[in-house]
Amino acid sequence: MTDKPPEPSLSPPSKPVTLQDWESLIEDFQHGGARRHRWTSAHSILIDQALSCLNRREFPLKLQLIVFLEEFSDPLFTSDPDSLPKTLHRLIETLRALIQTPADGVHVTLTLKEQTMLSVTAIVIAADYMLDGLVELLLTVANRPNHGVDRQARAVACECLRELEKSYPCLLSDIGGHLWSLCQSERTHAAQSYILLFTTVVHNIVAKKLGVSILNTTVPLVPFSAPQVLVNGSAKEGSGGLNYKELRRAMSFLLEWPQVLTPCGMAEFLALIMPVAMALELQASMLKVQFFGMIYSSDPLLCHVVLTMYRPFLDAFDGQEGQIASRLMLLSRETQQHLVFRLLGLHWLLGFSELVLRREVRKVKGIVDMGLRFYPSVFDPLALKALKLDLLAFCSICVDMLKLEGVSGEDMGNDKLVVKVFQDGLVSVSAFKWLPPDSTETAVAFRSLHRFLIGASAHLDNDPSTTRSLMDSTTFTSIQGILVDLMLECRRLVPVIVALTDRLFGCQKHRWLGERLLQTFDQHLLPKVKLDYTLVSCFPIFDKIAESDTIPPRGLLELLTKFMAFLVVKHGPYTGLRSWSQGSRVLGICRTFLMHHHSSRLFLRLSRLFAFTCLYFPDLEVRDNARIYLRLLICVPGKKLRDMLNLGEELGISPSALPSFNIQSPLSADNLKKSRSISSYVHLERVIPLLVKQSWSLSLSSFGFGNHESGYPEGIRDSEPIIEESDIDSSSTMQITPESERIDRPQEPLRVMDAKISEILVTLRRHFSCIPDFRHMPGFKVRISCSLRFESETLSRIWGLDSPTGGLDELDALPALYATVLNFSSSAPYGSIASYHIPFLLGEPPRKTDVSDQAAALAIVPVENGSREEDSFRAPVMIELEPQEPTPGLIDVSIETNAENGHIIRGQLHSITIGIEDMFLKAVIPPDIPEVASPGYYLDLFNALWEACGNSNTGRETFPLKGGKGVAAIAGTRSVKLLEVPASSVIQATERYLAPFVVSVIGEPLVSAVRDGGIIRDIIWRDEASDSALDITTSGTEFDRGPLHLTYTDDVDERDSVVNTRKKNMGCFLVLIFLPPRFHLLFQMEVCDVSTLVRIRTDHWPCLAYTDDYLEALFLV
């Protein structure tokens, strides 16, 4: 199809058009489009040819051609305004010739004449070009009253004149007297057209207030000329006033002719007469006497005529409202009538009752008495049932209004009357309970329920008191119970009830009714529903309850939690996708809660539901989604959470309102430049600061002791397999060492053990058997608590985000970081460090400082409140290390996160310092040791390790580790540290930093000072200064690393080597610290009043390099 319409293959015909050409042309015009457009340039020629054909007597398509000219008069006649008068004159002359031609029944028929008059009149009116010749021609046809042959043509001429009078008011006002005479003379059925024509002329005269005479007409009928008021364009309102006397005589004449009018004619006649009667101030009783009897007619149109007359003349029909209502009610019951007329009768009855109610409430009592007994019949058509239920709903409204007016009647005092009416009325459409929810019966039932529900609270009524009174009415309460019962009995009706609540929420006035309905469902439906798979059918109404922020979420969340537990219990091999489907829908309702409620209102029960789903639900996808929702609920505040859960257009957000994500390349120069300074406004800080910020660490080589990965000689080695003599056969390739070579090797000294050494070895083996071999299994974890925060103002300025502003929504305006990942790495032997993920972090608000206000700067702020406020802008971060050597170090931190505008932020943060105190752990307790016996076990372990790290014969012993593959040996080292600090400082520092590691306190003064504090608990308290198991004053001072051997005499060298600067010995602290992966640090602190001597023993001598600084910082802080 081309853009340009095709040109006609032949030029417009100059010769007469054939029948086939006319048929093709008419078909092209009716088809439209390009086929009609091809004749655009030939419109004037087509009219000439059409008029020529109409003048030809034998042309067979005259009727089709005149209809064609009327149908397409707009493009044909108005395309050339200059030639329009000439064309219309030719058209009228063609009509004149056709009318004057005698009808032969073949080529010229009365039907052709009548259609030509109608078509020409329509063309002239459409062209808006009045011609006196057309009016004169029509008057000529009409001016032959009682001529029986062409009576239909005369009626058509009168109708054409009436249309011209409507289009050009007062066109025939000067010849009103002639028209009155024609009405009096006409005795055929065409009299109706004459009467309506004359009535239209009188109506226009009264409407325009022209002072013309109807009886004394001096202007001849023909030839006709338009009146001067119309020619001069002043036919709006006359200045001479109405001729009331003649107009009243004309009205008397017209009121005598209703019997000759058809029902349709009567309707038009009365529509013209009533304005004239009111303008002439005629008594309404004249019209009532003349026309009220038509209410009992079998023709519904005549009943409608009476109803149209009732509205402008209310006083004339006073007292006859009951007769009209009774007749309309009888009309709807007449089964012989067509259904449309029965429906019209009910429509008229409802409209008539509203008119009566607006005029005076008391007058509607008779209608209500009849309407309350007007129940739908079982065999009534469904449309009729619907209207009858509407009538019952209207009567129920009238009952409440009559009660307010103090009018009593039959059953008017019964409060349950309206409920009974509604329930009895629904019996006729009770099939909706078992029919599909989209059935017509269901629609009718719930339409009526909505009518009864809103009652007298109309949509156009702005008075909220009607809605409040309705919520407290018996009708509303009963309908709520009916809806609850319907949802319990017929689950498939739940979507229909949801649609009903949506309809209430859609109206600003009735939304409170919807809220009250949802509250009723929450209180009465949730406790009654059965917990099974059919509960999913109630999810649509549950979703509406979740959307309402006026309903406490407790009941629904508890029900959903029970339902999730039911799904977990009932899950099996034959469940299929049911668990996934219903679990996902439960999470959808939870999402609705998060979108419409404050997080604090939901946190407890919703977090329990999510946690239960994460742990026990059988479907993996549902568990993952629940885990995501749980993290969002915990981490993200309300408004930003709703923005994240928003699905875009679901909340009416236009695409332009959504943030524009201009994702830049992560390698762009701009992003690299911004990322270099990220550590200046994004901070990862330790929660507990270090006592000693170690700036160095001791790194040792293997010293030729073999392949020790840890860098010190006391590493873990694999245990040597025991080879039995029977395992060696002739095929073995093992090399047997000759006896002579074995004799040449130096002999190992003979180890002598007593009971004490044996007990020590048993304790140590038991202890080391609980220490995992980190080479083959996960070792001990060291956890460093940190917090992540960022400065919102700096981040917004650098990355182009909206700057936070003060106000009520200050928190919502703060920027946030999403999906933050922290990666850790270190050159220290900490193993692989897992990354940490933070789903959401809110920026710190800008600090409000006023330098000039010194009083505000010196104000005292509670520490607890300040810390709580700051915690909301910090994300906790836990760094987990698995040390392979207890040494300090640095952890490098890199961050990768997403800003709100879609920027990916990457960069390096400040390193986290790891100190020797981070390596302090409590020794593990064997599983067979009861909790009450743990203090004694810790003391025995301390004694065993103290002996093993001192002068003991345990140096050659190896102890198997957990896992059975590795063994460890103890190579002890000793040291001392004298601290010139008072005893009170030592006690406070020990209680604050070393309380978990104290295994015993010895000495009555020290025990008394420590026990009363209650910080150090569950240890061994000894009041005596010495004990059989351990004598704090008899330890030797040997620091040589020669072979360990048993000593049975006290060595006093150590006692003599220490300068005695102590004045009063209060007691001793025994401290046992485990250093992962398998080492120990022991403190024996002899506390005096002015100084403390710390004796140190350890099986990892490199840690002594950091111990001195730690002790000085510990007691001098």
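The rules we used
Residues numbered from 1 in each chain as written. Predicted model: local features only at pLDDT ≥ 70, side-chain atom pairs only at ≥ 80, totals over all residues. Heavy atoms only, no water. Axes fitted to C-alpha atoms, helices over the stretch in contact; angles between N-to-C directions. Helix = DSSP H or I, 4+ residues; strand = E, 2+ residues; numbered from the N terminus. Parallel < 35°, antiparallel > 145°, perpendicular 65-115°, else oblique. Left-handed = near helix turned anticlockwise from the far one by under 90°. Contact = heavy atoms within 4.5 Å. Nonpolar A, V, L, I, M, F, W, Y, C, P; charged D, E, K, R; others polar. Pairing = 2+ DSSP bridges. Polar contact = N/O pair within 3.5 Å; in protein donor to acceptor, adjacent residues only side chain to side chain. pLDDT = per-residue confidence, 0-100. Phe/Tyr/Trp six-rings, centres within 6.5 Å; stacked < 30°, edge-to-face > 60°. Buried < 20%, exposed > 50% of the residue type's maximum accessible area, 1.4 Å probe, protein only. Lys NZ or Arg CZ within 6 Å of the ring centre and 35° of its normal. Expected span 1.5 Å × (residues − 1). Salt bridge = Lys/Arg side-chain N within 4 Å of Asp/Glu carboxyl O.

Structural notes on the packing of helix α24 (residues 474–489) against helix α26 (residues 511–525)
Consideration 1: α26 packs onto α24 with a crossing angle of 55° between their chain directions and a minimal axis gap of 10 Å. In this view, α24 runs oblique relative to α26, as classed from their interaxial angle. Note on packing geometry: the crossing formed by α24 with α26 is right-handed. Contact residues: F476, Q480, L483, V484, M487 and L488 in α24; L513, R516, L517, T520, F521, H524 and L525 in α26.
Consideration 2: Taken together, the residues that form the contact of α24 with α26 break down as nine nonpolar, three polar and one charged.

Comments concerning the sheet that holds strand β3 (residues 782–790)
Consideration 1: Here three strands make up an open sheet; going across it, the order is β1-β3-β6 and the pairing antiparallel. With one partner strand each, in any of the chains shown, β1 (682–686) and β6 (875–881) form the two edges of the open sheet. Across the sheet, the mean angle separating the axes of adjacent strands is 30° when strand polarity is ignored.
Consideration 2: Across seven bridges, the pairing between β3 and β6 is antiparallel. The residue of β6 that forms the bridge with I784 is I879.

Concerning the side chain of T990
Consideration 1: Locating T990 in the fold gives a position in helix α41 (residues 983–994).
Consideration 2: A distance of 2.7 Å separates the side chain of T990 from the backbone oxygen of V986, its partner in a polar contact.
Consideration 3: Excluding its chain neighbours within four sequence positions, the residues that come into contact with T990 are A995, V998, I1016, F1069, M1085 and F1115.

Describing the confidence of the model for the protein chain
Consideration 1: Residues at a pLDDT of 70 or more form 80% of the protein chain, whose mean pLDDT is 80.
Consideration 2: Low pLDDT (under 50) marks residues 649–667, which in the prediction has 21 contacts with non-local residues, meaning those over four places away or in another chain.
Consideration 3: Low pLDDT, under 50, characterises residues 721–750; the stretch is placed with seven contacts to residues that sit more than four places away or in other chains.

Quick notes on the packing of aromatic side chains
Consideration 1: Applying the stated rule across the entire model yields 24 aromatic pairs.
Consideration 2: Each ring, one from F539 and one from F542, has its centre 5.9 Å from the other, and the planes form 40°; the classification is tilted. Placement of the pair is F539 and F542 together in helix α27 (residues 539–547), with a separation of three residues, close to one helical turn. No difference in accessibility class separates F539 from F542, as the two residues are buried.
Consideration 3: Between F563 and F566, the aromatic rings sit 6.1 Å apart at their centres with planes inclined by 25°, giving stacked as the arrangement. A residue pair is termed a helical-turn pair when its members lie 3 or 4 positions apart in one helix, as F563 and F566 do in helix α28 (residues 554–570) at three residues.
Consideration 4: With relative accessibility at 0%, the residue F563 sits in the buried group.
Consideration 5: Note on F566: relative accessible area 14%, which makes it buried.
Consideration 6: Among the aromatic side chains, those forming a connected cluster through ring pairs are Y533, F539, F542, F563 and F566.
Consideration 7: The side chain of R578 reaches across the aromatic face of Y533, ending 4.2 Å from its centre.

What about helix α44 (residues 1104–1116)?
Consideration 1: Spanning 13 residues, α44 covers 18 Å between terminal C-alpha atoms, matching the ideal 18 Å at 1.5 Å per step.
Consideration 2: By the burial criterion, the buried members of α44 are L1104, Y1106, T1107, Y1110, L1111, A1113, L1114 and F1115.
Consideration 3: Looking at the buried residues of α44, the elements they touch are β11 (973–979), α41, β15 (1079–1088) and β16 (1092–1098).

Some words on unusual backbone geometry
Consideration 1: Residue P223 follows V222 across a cis peptide bond; omega there is -5°.
Consideration 2: For P223, the position within the fold is in the loop between α11 (191–208) and α12 (228–231).
Consideration 3: Residue P1077 is reached from P1076 by a cis peptide bond, and omega for that bond is 10°.
Consideration 4: For P1077, the location among the structural elements is in the loop between β14 (1065–1075) and β15.
Consideration 5: Positive phi, normally seen in glycine, also occurs at E281, with a value near 60°.
Consideration 6: Looking at the secondary structure, you find E281 in the loop between α14 (263–279) and α15 (284–291).

Points about the environment of E114
Consideration 1: Following the sequence through the fold, E114 ends up in helix α7 (residues 110–127).
Consideration 2: When near neighbours in sequence (up to four residues on either side) are disregarded, E114 contacts Q152, A153 and V156.

A word on the pattern of salt bridges
Consideration 1: In the structure shown here, the tally under the stated rule is 33 salt bridges.
Consideration 2: Across the pair D28 and R35 runs a salt bridge, and its minimum N-O distance is 2.7 Å.
Consideration 3: A salt bridge links K544 to D502; the nearest nitrogen and oxygen atoms lie 2.7 Å apart. Here K544 is found in helix α27, whereas its partner D502 is found in helix α25 (residues 494–505), with 42 residues between them in sequence.
Consideration 4: Looking at K544, the relative accessible area reads 14%, which means it is buried.
Consideration 5: On the basis of relative accessible area, D502 is assigned to the partly exposed category, the value being 35%.
Consideration 6: Overlapping salt bridges bring together R144, D150, R154 and E186 as one network.

Brief notes about the sheet that holds strand β13 (residues 1020–1022)
Consideration 1: Sheet architecture is open: six strands sit in the order β11-β16-β15-β14-β12-β13, paired in mixed fashion. Each edge of the open sheet carries a strand with a single partner, namely β11 and β13. If you compare each strand with its neighbour and ignore which way they point, the axes differ by 15° on average.
Consideration 2: Together, β11, β15 and β16 form the strand contacts of α44, whose direction differs from that of β11 by roughly 25°.

Digging into the pairing of β1
Consideration 1: Burial runs high along β1: four of the five residues are buried.
Consideration 2: With five bridges connecting them, β1 and β3 associate as antiparallel partners. Across the sheet, the residue bridging to V682 is F790, located in β3.

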